[in-house]
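# Topology and contacts: notes
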Amino acid sequence: MTLPKCELTRREALGRIGATATAALVANNWVKMSQAADARPKAMIWDAHGHLGGARSPEESIARSLRYADRMGIDRVVVSMGMSFVYDPSPEELRRQNDEVLRAVRFAPDRVFGFVYVNPKHVKASLDEIDRCVRDGPMVGVKLWVAMRCNEANLDPIVRHAVELKAPILQHTYLKITGNLPGESTPADLVELARRHPDASFLCAHTGADWERGIRWIRGVKNVWADVCGSDPTAGMVEMAVRELGAERVVYGSDFPGRSFASQLAKVTSANLPETARRLILGENLRRLLLPILTAKGIRA
Amino acid sequence: MIVDVNVSLSRWPLRRLPCDETPRLVAKLKEHGVTQAWAGSFDGLLHRDIAGVNARLAEECRRDGEGILIPFGSINPMLPDWTEDLRRCHEDWHMPGIRLHPNYHGYELKDPVFSEVLALAEQRGLIVQLVARMDDVRVQHPLLRVPDVDLRPLGELVAGRTKLRVVLLNGSGALRGEQRKRVGALPNVWMDIATLEGLGGVGSLLEDVPLAQVVFGSHCPLFNFESALLKMQESELSAQQSAAIFHENARRLLGR
Ligand SMILES: [Zn+2]
């Protein structure tokens with residue numbers, strides 16, 4: 001793996017952790033242990049869900065996030081949406097935000113996967129953005145957020161185009177007892193969409209956050225994967241997801257930089273699972289989802 | 001060496017957890033190098049027989065704690081004769097502190113009864129653990145919707161109580177910006193890291209709160225213990241900072 005210019009090498013980063021961490025941390029930390037030369041081979045960790053922000057530029061933002069990724073042993077990250085969160089972006093705003101993600105991808109092309117941000121209220125502009133960023137550009141997936149609930153018919157041409165390009169779709173979902181935003185999808189909405197498009201692959205972002213219900217919603221729909229990111233590190237989440245969906249349908253993501261890698265990784269590293277299941281969740285499932293488009297684009301993975 | 005100031009025994013009311021049996025919890029903590037854990041009880045959230053809750057907590061720490069569990073009894077000042085519960089925590093069970101859940105017990109910090117609890121705790125030299133939240137308000141059970149504790153009055157209430165020691169649990173994530181700095185400016189308030197979020201969260205907390213007032217808390221078993229542990233790895237901390245947060249600050253606070 002080639003490293004982007006500004007980064008510490010992983011060895012340097014870990015050397016520094018070793019020098020400063022307490023004995024307990026070094027001796028017991030799962031991520032650290034997995035890096036030791038003589039221990040099990042290091043699990044490949046790909047993070048399915050990240051954003052930009054908290055910095056002056058996309059480059060600065062992704063550089064900062066990758067520094068933390070190095071400290072946590074994370075190899076690759078998915079990034080979508082720009083430096084500011086806009087619920088209902090105009091076509092111009094979409095282009096601006098996707099340009100920012102393109103800059104992040106260009107900054108560290110070996111480590112950052114871009115997902116193109118689209119808005120189903122602007123179907124034509126969304127299809128154009130998919131062409132610009134995925135078909136003709138380096139991005140490898142589609143991101144949908146809270147502009148419109150994803151069971152709407154406007155989603156259909158977007159999903160069909162993603163399928164043509166072999167791009168998986170990352171759809172935000174939340175089940176808020178405090179009330180969803182008007183255009184905010186639930187896992188139930190995503191299940192409707194996924195049933196209409198059995199040939200598409202959907203990542204159910206946050207698994208609805210109220211994951212005990214979210215997991216049940218998606219249980220019977222095999223082209224929906226649980227992205228466990230972006231909720232409190234509540235014990236038992238990943239165990240339930242594996243029990244109900246199978247380890248092949250559970251994907252690690254964090255929702256960085258708003259969430260920490262630490263809290264979200266802990267959901268997986270602490271779960272009582274066979275090592276093979278843990279590896280699937282930490283990276284192999286996402287790699288499998290992305291492999292068709294990566295191969296088509298000649299991206300090494 | 002790790003002191004975890006934020007663990008709970010017994011059962012979370014809404015779900016079984018991988019470590020909700022004390023021997024399992026203790027095994028998990030010891031596996032990760034925890035040498036002391038300050039334990040409250042989930043029963044303290046909703047049970048009305050708080051005296052029974054605290055008696056079981058004390059007994060369980062003694063019987064199953066393998067020497068690492070230190071009980072912090074729950075006090076619900078909305079119950080009749082709550083001062084007797086406080087007396088028992090201190091005199092009968094020799095607890096070093098108490099744990100408060102204003103949002104589960106139905107009072108606010110600005111209510112006079114909270115000041116009464118603080119005054120009595122200060123008199124007796126008891127540490128007060130104030131729990132700002134247990135879980136995310138957005139995903140709570142429809143019949144158990146409990147708002148976060150409004151921490152804004154805290155500064156005024158602890159100022160001047162020089163012998164009082166307050167440990168804010170699960171509050172460091174909810175407090176942001178100026179509010180977090182204001183709490184950090186109170187020399188007798190400590191904060192744990194259990195609910196911190198954002199990349200490098202511990203490092204950013206140290207920009208708002210003096211190192212001596214930050215303590216390691218996991219909110220285990222409701223949260224995965226490893227979340228707090230990995231946060232300590234994620235932020236780039238010096239050996240001195242790590243040691244202070246992992247154990248030195250809590251030890252000094254406990255005075256033993
Ligand atoms: Zn997100």
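Residues numbered from 1 in each chain as written. Chains lettered and ligands numbered in written order. Predicted model: local features only at pLDDT ≥ 70, side-chain atom pairs only at ≥ 80, totals over all residues.

### Focus: the overall build of chain A
On a plain count of helices and strands, chain A comes out with twelve helices and eight strands. Sorting the 301 residues of chain A into buried and exposed places 55% on the buried side. Sequence-distant contacts, at least 24 apart, represent 72% of the contacts inside chain A between residues at least 6 apart. (Helix = DSSP H or I, 4+ residues; strand = E, 2+ residues; numbered from the N terminus. Buried ≥ 20, exposed ≤ 12 C-beta atoms within 10 Å, placed from the backbone. Contact = placed C-beta atoms within 7 Å.)

### Some details on the overall build of chain B
Helix and strand counts for chain B come out as eleven helices and eight strands. Taking 256 residues into account, the globule formula puts the C-alpha radius of gyration at 18 Å, and chain B, at 17 Å, falls close to it. Along the longest, intermediate and shortest principal axes, the C-alpha atoms of chain B span 50 × 40 × 40 Å. A burial count over chain B gives 54% of its 256 residues as buried. Considering only intrachain contacts with a sequence separation of at least 6, the fraction spanning at least 24 residues in chain B is 74%. (Rg over C-alpha atoms; globule rule 2.2 N^0.38 Å.)

### Some points on the interface of chain A and chain B
In this assembly, 43 residues from chain A lie in contact with 41 residues from chain B. Of all the secondary structure elements, the ones that give two or more residues to the side of chain A that touches chain B are α1 (10–20), α2 (23–28), α3 (30–35), α4 (58–72) and α11 (261–269) of chain A. Among the residues making up the side of chain A that touches chain B, the classes are represented as 20 nonpolar, 15 polar and eight charged. (Nonpolar A, V, L, I, M, F, W, Y, C, P; charged D, E, K, R; others polar.)

### Some points on the confidence of the model for chain B
Here chain B shows a mean pLDDT of 96. Residues at 70 or above account for 100%. Overall fold confidence for the complex sits at a pTM of 0.92, while the interface term, ipTM, reaches 0.96. (pLDDT = per-residue confidence, 0-100.)

### Brief notes about the packing of α4 of chain A against α11 of chain A
All names here are of chain A. It is at 11 Å that the axes of α4 and α11 come closest, and there the two elements cross at 35°. The hand of the α4/α11 crossing is right-handed. Each of Tyr68, Ala69 and Met72 in α4 lies in contact with α11, whose residues at this interface are Phe261, Ala262 and Leu265. Residues that form the contact of α4 with α11 fall into these classes: six nonpolar, no polar and no charged. (Axes fitted to C-alpha atoms, helices over the stretch in contact; angles between N-to-C directions. Left-handed = near helix turned anticlockwise from the far one by under 90°.)

### Re the sheet that holds strand β7 (residues 224–227) of chain A
Residues and elements named next belong to chain A. The strand order β1-β2-β3-β4-β5-β6-β7-β8 describes an open sheet built from eight strands, whose pairing is parallel. With partners counted over all chains shown, the strands left at the sheet margins are β1 (46–50) and β8 (250–251), one partner each. Against the sheet, helix α6 (residues 123–135) contacts β3 (112–118) and β4 (141–144), and its axis sits at roughly 165° relative to β3. Sitting on the sheet, helix α9 (residues 211–218) is in contact with β5 (169–174), β6 (202–208) and β7, with an inclination near 150° to β6. (Pairing = 2+ DSSP bridges.)

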